[in-house]
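Notes for the structure review
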Amino acid sequence: VMCCFLGFFLGMEKVVACPFKRPNALCRLICFPWAGGGTSQLAQWGKLFSSSIEVSSVRLPGRESRCKEPFAKDMATIVNEIASALLKELQEKPFAFFGHSFGSYISFAVALHLKEKYGLEPIHLFVSGAHAPNSEAFLPIKSIPIHDTEDEDILTYIEILGGTPTELLQNDDIKKHLIDTFREDLRVLQTFSFERAERNIAFSCDITCFDGSEDKPHDLEAWQDLTSGDISFYKLPGGHFYLLEPSNQIFLTKHITRCIENAGL
């Protein structure tokens, strides 16, 4: 039994970073980082929230403590791994998901899998900086020729998006790893498709969509076709990485807390 438990625990620790454990929290907020991203920023949100919410961040293969592992080849692999690592915890108490950019798509895909396979649903889905997966606007992502895209072009895109400290890009090894990670995350995104027509409305939970006011506009409206719950939209000052600004983090923390508390746990 101990061995089995240890295996589960290590699986969990490998896939999920939770530096601020709150065993008595009423709800778990699971965060899903952006393309090329790790757990360092979103896992730190734990110290911004009150004791009623425990925050953790998902860690994908190929980065941080998993940098020796091969990158995931497709969305289904990622979804299965995350769902297995989280399942026991998510069955114990209510949970909400927050995803930014690439992380919004992963959080959606994981939530869909949990709903269809286990009848589990987040009490709230918070998505940020991303088109709805059922939107026409999502389709061009599928046609980016990843194999033929030069490292330099990917680097330019990473720099335009922002969110990566410039000093990291001065180091060739780190820069190369970041480009590779970003490329692989993009590849995963291209394996994800969500056909709206063949399904009922995916969710019944409320969805909140956040976006940076200076970011290129995302098709957020289409998220409302994915739930029978309420949907709300917020634009916060800044570009694609508006969420790293301390003032925006305060807004996000307060807003997410209010939504979770209003879910009537």
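Reference entry: report on the structure contained in this document. (Residues numbered from 1 in each chain as written. Predicted model: local features only at pLDDT ≥ 70, side-chain atom pairs only at ≥ 80, totals over all residues. Heavy atoms only, no water.)

Overview of the layout of surface pockets
The cut-off we apply is this: Here the term cavity refers to a set of points on a 1 Å grid, laid over the protein atoms alone, in which a 1.4 Å probe fits but cannot get out; the term pocket refers to an open set having protein on both sides within 12 Å along at least five of seven lines, with lining residues being those that place an atom within 4 Å of a point. Grid points are joined across faces, edges and corners, and a volume is the space filled by probe spheres set on the points. Put simply, DSSP marks the helices as runs of H or I at least four residues long and the strands as runs of E at least two long, and each gets a number from the N terminus on. Classification used: nonpolar for Ala, Val, Leu, Ile, Met, Phe, Trp, Tyr, Cys and Pro, charged for Asp, Glu, Lys and Arg, polar for all others including Gly.
The calculated volume of the largest pocket comes to roughly 430 Å³. Surrounding the largest pocket, 23 residues form its lining, Gly 36, Gly 37, Gly 38, Leu 168 and Leu 178 being those nearest its centre. Broken down by secondary-structure element, the contributors of at least two residues to the lining of the largest pocket are α2 (40-43), α6 (151-161) and α8 (172-190). With five residues, α8 is the single largest residue contributor to the lining of the largest pocket. Split by residue class, the lining of the largest pocket holds 11 nonpolar, 10 polar and two charged.

Section: unusual backbone geometry
The criterion, for reference: Exposure categories follow from relative accessible area, calculated using a 1.4 Å probe and restricted to protein chains: below 20% of the type maximum is buried, above 50% is exposed, and the middle band is partly exposed.
With a phi angle near 50 degrees, Glu 64 is a residue other than glycine that sits in the positive phi range. Locating Glu 64 in the fold gives a position in the loop between β3 (53-58) and α3 (75-92). Despite not being glycine, Ser 101 has its phi angle at roughly 60 degrees, a positive value. Relative to the helices and strands, Ser 101 is located in the loop between β4 (95-100) and α4 (102-118). By relative accessible area, which is 14% here, Ser 101 ends up buried.

Points about the packing of aromatic side chains
The line we're drawing: Between 30 and 60 degrees the pair is tilted, below 30 it is stacked and above 60 it is edge-to-face, where a pair is any two Phe, Tyr or Trp rings, Trp via its six-membered ring, whose centres lie within 6.5 Å.
Counted under the stated rule, the structure contains 13 aromatic pairs. Pairing Phe 95 with Phe 97 gives two aromatic rings, centres 5.3 Å apart and planes at 45 degrees, and the pair type is tilted. For the pair Phe 95 and Phe 97, one class covers both residues: buried. Grouped by ring-pair contacts, the aromatic residues Trp 45, Phe 98, Phe 126, Phe 210, Tyr 234 and Phe 251 constitute a single cluster.

Some details on the pattern of salt bridges
This is how it is decided: We count a salt bridge whenever a side-chain nitrogen from Lys or Arg sits within 4 Å of a carboxyl oxygen from Asp or Glu.
This structure, assessed with the given rule, holds 16 salt bridges. The partner of Glu 54 in a salt bridge is Arg 28, with the nearest N and O atoms 3.3 Å apart. Taken as a pair, Glu 54 in strand β3 and Arg 28 in strand β2 (residues 27-32) lie far apart in primary sequence, 26 residues in all. For Arg 28, a relative accessible area of 7% corresponds to the buried category. With a closest N to O distance of 3.3 Å, Lys 176 and Asp 151 form a salt bridge. In this pair, Lys 176 is assigned in helix α8 and Asp 151 in helix α6, connecting sequence segments 25 residues apart. The exposure class assigned to Lys 176 is partly exposed, which follows from its relative accessible area of 40%. Salt bridges linked by common partners bring Arg 28, Glu 54, Lys 88, Glu 89 and Glu 92 together as one network.

Side note on the sheet that holds strand β7 (residues 231-236)
Rules: Any two strands with at least two DSSP bridges between them are considered paired. What makes two residues a contact is simply this: any of their non-hydrogen atoms within 4.5 Å. Every angle, taken between N-to-C directions, lies between 0 and 180 degrees, and every axis is a line fitted to C-alpha atoms, over only the stretch in contact when it is a helix.
Strand order in the open sheet made by the seven strands is β1-β3-β2-β4-β5-β6-β7, with mixed pairing throughout. Single-partner strands in this sheet number two, and they are β1 (16-17) and β7. When β4 meets strand β5 (residues 124-128), the two strands line up parallel, connected through five bridges. Across the sheet, residue His 100 finds its bridge partner in β5, namely Ser 128. Against the sheet, α3 contacts β1, β2, β3 and β4, and its axis sits at roughly 160 degrees relative to β2.

A closer look at the nonpolar core
Put simply, the rule reads: Take the buried residues of types Ala, Val, Leu, Ile, Met, Phe, Trp, Tyr and Cys, join any two whose side-chain atoms come within 4.5 Å, and each joined set is a nonpolar core.
The biggest cluster of nonpolar side chains holds 79 residues, and the ones touching the most others in it are Leu 29, Trp 45, Ile 82, Phe 97 and Phe 98. Setting aside its immediate chain neighbours within four residues, Phe 97 contacts Leu 29, Ile 30, Phe 32, Leu 90, Ser 107, Val 110, Ala 111, Leu 114, Pro 122, His 124, Leu 125 and Phe 126.

Considerations on the state of the cysteines
The criterion, for reference: Cysteine sulfur atoms are paired as a disulfide whenever they fall within 2.5 Å.
For the structure on display, the rule yields zero disulfides. Free cysteine: Cys 18, not disulfide-bonded; nearest cysteine sulfur from Cys 31 at 10 Å. We classify Cys 18 as buried; its relative accessible area is 13%. With no disulfide of its own, Cys 259 lies 11 Å from the sulfur of Cys 27, the closest cysteine sulfur.

Geometry only, nothing functional implied.
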